[in-house]
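For reference, the chains in residue letters:
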Amino acid sequence: MNIKEHKKKGVFGLFMPLSELEAYYREERAKRFYENRPLQGIKWCRKLYSLIAGLFKLSATLAGQKLTIIRDCRKATDKPVIYACTHIGRYDIEMAFRVIRESCWYLWGDPGSLYKNPEGILVWLMGRIFVDTAYKEDRYIGKETCVRLLEEGGTF
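Every chain begins its residue count from 1, and numbering advances along the sequence as written. Only residues with pLDDT of 70 or above have their local features reported here, since the model is predicted, and side-chain atom pairs are shown and tallied only from 80 upward, although totals for entire chains, interfaces and linings are computed over all residues. By convention in this description, side-chain values take in all heavy atoms of the structure and omit both hydrogens and water.

Visitor: Teacher, can you tell me more about the overall build of the protein chain here?
Guide: The helix and strand labels rest on DSSP assignments: H or I over at least four residues marks a helix, E over at least two residues marks a strand, and numbering proceeds from the N terminus. The helix and strand inventory of the protein chain stands at six helices and two strands. Counting from the amino terminus, helix and strand elements in the protein chain follow one another as α-α-α-β-α-α-β-α. Its C-alpha atoms put the protein chain at 50 × 35 × 25 Å along the principal axes. Categorising residues by exposure relies on relative accessible area from a 1.4 Å probe, with only protein chains included: less than 20% of the type maximum marks a residue as buried, more than 50% marks it as exposed, and the intermediate range marks it as partly exposed. Classification of the 156 residues of the protein chain by burial places 34% in the buried group. Here, residues are in contact when the closest pair of their heavy atoms is within 4.5 Å. In the protein chain, the proportion of contacts linking residues at least 24 apart, taken out of those at least 6 apart, comes to 65%. Where accessible areas are quoted, they stem from the Shrake-Rupley method and a 1.4 Å probe; at the residue level, only the protein chains shown are allowed to cover. Accessible surface, the protein chain as shown: approximately 10700 Å² in total, 58% of it carbon and sulfur. In this tally Asp and Glu are treated as negative and Lys and Arg as positive; neither His nor the chain ends contributes. To locate a charge, take atom NZ for lysine, CZ for arginine, CG for aspartate or CD for glutamate. For the protein chain, the separation between the mean place of its 27 positive charges and that of its 19 negative charges on side chains is 5 Å.

So this is what it looks like as structure tokens:
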């Protein structure tokens with residue numbers, strides 16, 4: 001990637017074809033990674049957690065969804081934590097967010113699905129690390145970004 005040629009797209013990126021937008025954001029992630037920029041938003045995501053969790057709870061209540069926690073074996077710690085959740089749909093993410101009960105970031109393997117989607121803003125506010133899984137370099141950058149997140153006190 002030629003970092004010098006990479007230019008910020010801003011809002012105008014929304015008018016790009018999705019394939020170009022995906023390439024643009026892969027380049028943006030690589031640029032931030034190789035320039036060794038710290039992650040942004042860890043503190044903001046923590047501050048917004050209660051609001052977003054409340055919105056998810058309201059949404060689930062209005063949809064008639066119930067959440068039952070059968071057993072919670074977590075132990076209190078002041079160290080960063082990794083939660084591994086599988087999911088098959090949108091509501092699974094919301095439920096995991098509510099079950100975890102603390103601000104945490106998500107490793108998102110199909111970022112293109114959120115680039116032109118209003119839900120992408122919500123995921124951005126929750127905290128996310130995007131990884132275009134079809135690209136080896138992006139997978140590496142995503143893994144190393146997860147390590148940085150933990151080193152900077154974040155949880156995912």
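Visitor: What is the right way to look at the nonpolar core in this model?
Guide: Nonpolar side chains in soluble globular proteins tend to be buried together. We define a nonpolar core as any set of buried Ala, Val, Leu, Ile, Met, Phe, Trp, Tyr and Cys residues linked to one another through side-chain atoms lying within 4.5 Å. Counting 19 residues, the largest nonpolar core has Phe 97, Tyr 106, Trp 108, Met 126 and Phe 130 as the members making the most contacts within it. The set of elements that each furnish at least two residues to this core consists of helix H1 (18–34), helix H2 (42–63), helix H3 (90–100), strand S1 (106–108), helix H4 (112–115) and helix H5 (119–126). For this core, the element with the highest residue contribution is H2, accounting for four residues. Contacts of Trp 108, omitting those with residues within four sequence positions, involve Ile 93, Ser 113, Leu 114, Val 123, Ile 129, Phe 130 and Val 131. Grouped together as the second largest cluster of nonpolar side chains are eight residues, Ile 129, Val 131, Cys 146 and Leu 149 included.

Visitor: What am I meant to see in the environment of Arg 26 here?
Guide: When you line up the elements, Arg 26 lands in helix H1. Between the C-alpha atom of Arg 26 and that of Pro 111, which follows or precedes it by 85 residues, the distance is 9.7 Å. Ignoring sequence-local partners within four residues, the contact set of Arg 26 consists of Asp 132, Tyr 135 and Asp 138.

Visitor: Explain the confidence of the model for the protein chain to me, please; I cannot follow it from the model alone.
Guide: Interpretation of this model should avoid reading the predicted coordinates in detail wherever pLDDT is low. For every residue, the predictor assigns a confidence score, pLDDT, that lies between 0 and 100. This prediction gives the protein chain a mean pLDDT of 84; 90% of its residues lie at or above 70. Averaged pLDDT values for the elements of the protein chain fall to 82 in H3 and rise to 94 in helix H6 (residues 136–151). Within the model, pLDDT remains below 50 along residues 1–6, and this stretch shows ten contacts once partners closer than five positions in the same chain are excluded.

Visitor: What is the right way to read the packing of aromatic side chains from this model?
Guide: Only the six-membered ring of Trp is used, alongside the rings of Phe and Tyr, when aromatic pairs are assigned; centres must lie within 6.5 Å, and planes under 30 degrees apart are stacked while those over 60 apart are edge-to-face, with the rest tilted. Throughout the structure, instances matching the rule amount to eight aromatic pairs. Considering the side-chain rings of Tyr 24 and Tyr 25, the 5.0 Å spacing of their centres and the 70° angle between planes classify their relative orientation as edge-to-face. Among the residues examined, Tyr 24 registers a relative accessible area of 7% and is labelled buried. A residue is classified by how much of its surface remains accessible, and Tyr 25, at 29% relative accessible area, is partly exposed. Between the aromatic rings of Tyr 49 and Phe 97, the centroid separation amounts to 4.9 Å while the plane-to-plane angle is 45°, which identifies the pairing as tilted. Taken together, the positions of Tyr 49 in helix H2 and Phe 97 in helix H3 put the pair 48 residues apart, joining distant regions of the chain.

Visitor: Looking at this structure, I do not really get the state of the cysteines. What am I missing?
Guide: Two cysteines whose sulfur atoms are joined by a covalent bond form what is called a disulfide. A pair of cysteine sulfur atoms is labelled a disulfide when the two atoms are within 2.5 Å. For the coordinates displayed, the defined rule picks out zero disulfides. This cysteine, Cys 45, is not joined by any disulfide, and Cys 104 carries the nearest cysteine sulfur, 9.6 Å off. What makes Cys 45 buried here is its relative accessible area of 7%. Cys 85 supplies the cysteine sulfur nearest to Cys 73, a cysteine that is in no disulfide, at a spacing of 14 Å. On the basis of relative accessibility, which here comes to 49%, the residue Cys 73 falls in the partly exposed class.

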